[in-house]
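Here's the letter readout for the chains.
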Amino acid sequence: MKLVRYGDKGAEKPGMIDADGQLRDLSGHVADIDGAHLGDAVLHSLAGIDPTHLPAVGGNPRLGACVGSIGKFLCIGLNYSDHAAETGADIPEHPILFFKANSAIVGAYDDVIMPRGSTHTDWEVELGVVIGKECKYVSEADALDYVAGYCVVNDVSERHFQTQLTGQWTKGKSCDTFGPTGPWLVTRDEVPDVQNLAMSLDVNGTRMQTGNTNTMIFTVAQIIEHLSGLMTLHPGDVITTGTPPGVGMGMKPEPVYLKRGDVMELTIEGLGTQRQTVGEDA
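Going along each chain's sequence as written, the residues are numbered from 1 onward. In view of the model being predicted, local features appear only for residues whose pLDDT reaches at least 70, and side-chain atom pairs are presented and counted only at 80 or more, with totals across whole chains, interfaces and linings using the full set of residues. Only hydrogens and water are set aside when side-chain values are computed; all heavy atoms of the structure are taken into account.

Chemist: Looking at this structure, how should I read the overall build of the chain?
Modeler: Along the chain, the regular secondary structure elements total 5 helices and 18 strands. If you line up the chain on its principal axes, its C-alpha atoms span 55 × 45 × 30 Å. Looking at the chain residue by residue over its 282 residues, the buried ones come to 55%. A fraction of 74% describes how many contacts in the chain between residues 6 or more apart in sequence connect residues 24 or more apart. Accessible surface for the chain amounts to roughly 11,800 Å². Of this, 50% is attributable to carbon and sulfur atoms. Placing the 20 positive and 37 negative side-chain charges of the chain at their respective mean positions leaves the two points 5 Å apart. Segments assigned H or I by DSSP are reported as helices when at least four residues long, segments assigned E as strands when at least two residues long, and all are numbered from the N terminus. When a residue's accessible area, from a 1.4 Å probe over protein chains only, is under 20% of the maximum for its type it is buried; when over 50% it is exposed; and in between it is partly exposed. Between two residues, a contact is recorded if the distance between any of their heavy atoms is within 4.5 Å. All accessible areas in this document rest on Shrake-Rupley with a 1.4 Å probe, and a residue is counted as covered only by the protein chains that are shown. The convention is simple: Lys and Arg are positive, Asp and Glu are negative, and His and the chain ends are not counted. Lysine's charge is taken at NZ, arginine's at CZ, aspartate's at CG and glutamate's at CD.

Chemist: Quick question: what am I supposed to make of the nonpolar core here?
Modeler: As a rule of thumb, nonpolar side chains are buried together in soluble globular proteins. Residues grouped as a nonpolar core are buried Ala, Val, Leu, Ile, Met, Phe, Trp, Tyr and Cys residues, joined through side-chain atoms within 4.5 Å. One finds Leu-127, Tyr-150, Ile-224, Leu-233, Ile-239 and Leu-271 to be the most contacted residues of the largest nonpolar core, which totals 51 residues. Among the secondary structure elements, those contributing two or more residues to this core are strand 1 (2–6), strand 4 (73–77), strand 7 (112–114), strand 9 (125–131), strand 10 (147–154), strand 14 (198–203), helix 5 (220–228) and strand 17 (263–268). The element best represented in this core is helix 5, accounting for 5 residues. Those residues in contact with Ile-224 that sit more than four places away from it in its chain are Val-129, Ile-131, Cys-135, Ala-143, Val-147, Leu-233 and Ile-239. Among the nonpolar cores identified, the runner-up in size contains 25 residues, and Met-1, Leu-54, Phe-73 and Val-238 belong to it.

Chemist: What am I meant to see in unusual backbone geometry here?
Modeler: Excluding glycine, most residues fall at negative phi; most peptide bonds, likewise, are trans. A cis amide bond links Gly-182 to the next residue, Pro-183, at an omega of 20 degrees. Relative to the helices and strands, Pro-183 is located in the loop between strand 12 (179–180) and strand 13 (185–187). The step from Lys-252 to Pro-253 runs through a cis peptide bond, and the omega angle for that step is 5 degrees. By the secondary structure assignment, Pro-253 is in the loop between strand 16 (238–240) and strand 17.

Chemist: I keep staring at the pattern of salt bridges and nothing clicks. Help me out?
Modeler: A side chain with one charge may pair with a side chain of the opposite charge, provided their charged atoms come close. We count a salt bridge whenever a side-chain nitrogen from Lys or Arg sits within 4 Å of a carboxyl oxygen from Asp or Glu. Tallying each qualifying case throughout the model produces 18 salt bridges. With its nearest N and O atoms 2.7 Å apart, the salt bridge here joins Glu-124 to Arg-159. Separated by 35 residues along the polypeptide, Glu-124 in the loop between strand 8 (121–122) and strand 9 and Arg-159 in helix 3 (residues 159–164) bring together distant segments of the chain. As far as burial versus exposure is concerned, Glu-124 and Arg-159 are alike and both buried. Put simply, Lys-100, Asp-122, Glu-124, Asp-155, Arg-159 and Lys-173 are held in one network by salt bridges that share partners.

Chemist: I would appreciate a short explanation of the sheet that holds strand 1 in the present structure.
Modeler: The strands that make up a sheet are held in pairs by hydrogen bonds between backbone atoms, and each pair lies either parallel or antiparallel. Taken in spatial order, the 9 strands line up as 3-2-1-13-10-9-16-4-5 in an open sheet, and their pairing is mixed. Each having just a single partner strand, strand 3 (23–25) and strand 5 (96–99) make up the two edges of the open sheet. With direction set aside, neighbouring strand axes in the sheet form an average angle of 30 degrees. Note on pairing: two strands pair once DSSP finds at least 2 bridges between them. Sheet topology places strand 9 next to strand 16; 3 bridges connect them, and they run antiparallel. Across the sheet, the residue bridging to Val-130 is Val-238, located in strand 16. On the sheet, helix 5 packs against strand 4, strand 5, strand 9, strand 10 and strand 16 and is oriented at approximately 55 degrees with respect to strand 9. Helix axes are fitted only over the stretch in contact, all axes being lines through C-alpha atoms; the angle between N-to-C directions runs from 0 to 180 degrees.

Chemist: Explain the side chain of Gln-195 here, please?
Modeler: With respect to the secondary-structure elements, Gln-195 resides in the loop between strand 13 and strand 14. We define a polar contact as two N or O atoms separated by no more than 3.5 Å, with the added condition that, inside protein, one atom must be a possible hydrogen donor and the other a possible acceptor, whereas residues neighbouring each other in sequence contribute only through side-chain atom pairs. Only 3.1 Å separates the side chain of Gln-195 from the backbone oxygen of Thr-213, close enough to count as a polar contact. Setting aside residues no more than four positions away along its own chain, Gln-195 makes contact with Asn-212, Thr-213, Asn-214, Met-216, Thr-219 and Val-220.

Chemist: So what exactly am I meant to see when it comes to the environment of Lys-252 here?
Modeler: Within the fold, Lys-252 resides in the loop between strand 16 and strand 17. Taking the relative accessible area as the measure of exposure, Lys-252 reaches 64% and is therefore exposed. The spacing of Lys-252 and Glu-86 is 166 residues in sequence and 9.5 Å in space, taken between C-alpha atoms.

Here it is in C-alpha cells:
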C-alpha cells in the first residue's frame, strides 16, 4: 500500500493511493497515518480494503508528511561508502547518530526555507524507515519485521551551522522545513529488497546525486539492531539512513550550495518523488 496524509498543514487526513494513482480517503477507517495505526494488524486490515470502495479525493490537495505525530526523527550520518569517500571521512565503526527536530518535518512538496544568514544549505536524498511496533534489543535477523514501511526523506542540511557552530550536527539539520518526508509511506510488503533501491536527486534539472542503497555501510536491519540496543524504538519513529555521493558540500573544485528559487527533485525506486522550491526567511 501507498499511504498518505493530505490536506492543510495541521489538518491532514489519512489516504491511500490506488493502483491508478488516484488518491482515496481513509478517514472512515483510521484517524491518521501515525504510530497508533502502523502495527501489522491495522495495516493488514487496511490492505483488505478494496480501494474502489473508498471516496476519491478530487483536485490537487497538499500532501503532508506521510507519518503523523512522529515521535523520534533519528538520522544516520556517513552511511554510504561512496559518500564518505567524497567527504574524505573515515568509514565509521558504528552508525553515526544525530537527531532532527520534529519542527523540521514538512511534506514532500512543501517549500524548503533557508534560515536567516544561511550560505551553505545542502541537499541529501535518503531512505526513510518507519517503525511499526515497539522494539528493544532487536536482532538483525528480526529487525525488518518491526518496520511498517519506507519513504523518501530529504535531509536538508546547513553545513556552516552543522560544522562551524560549536556543538553537534543537529544545529545544521533541524532548521524549519529541513525534513521533507514522503510523499507516501510504502508498506514493507511492497519493498522486496530494501538494500537494492536506486536513488537520485536533481537541482534545477541537473543530476547531482545518483546512488543505491546497496552501498550502505550499515544496512537497515543493522541500524535497527544498533539503535534498539540504545533506546526503545516506538511506532511512528522515523529513521533516515544516510545519503549517497553528490551532495553540494562534496562538489569539486568548489562546493555548491542552494539559493533562493532553486528546485530540488529527489526519487527513490518504488517510493515516489519529492519536489521542493527553495525560499529564504525574511
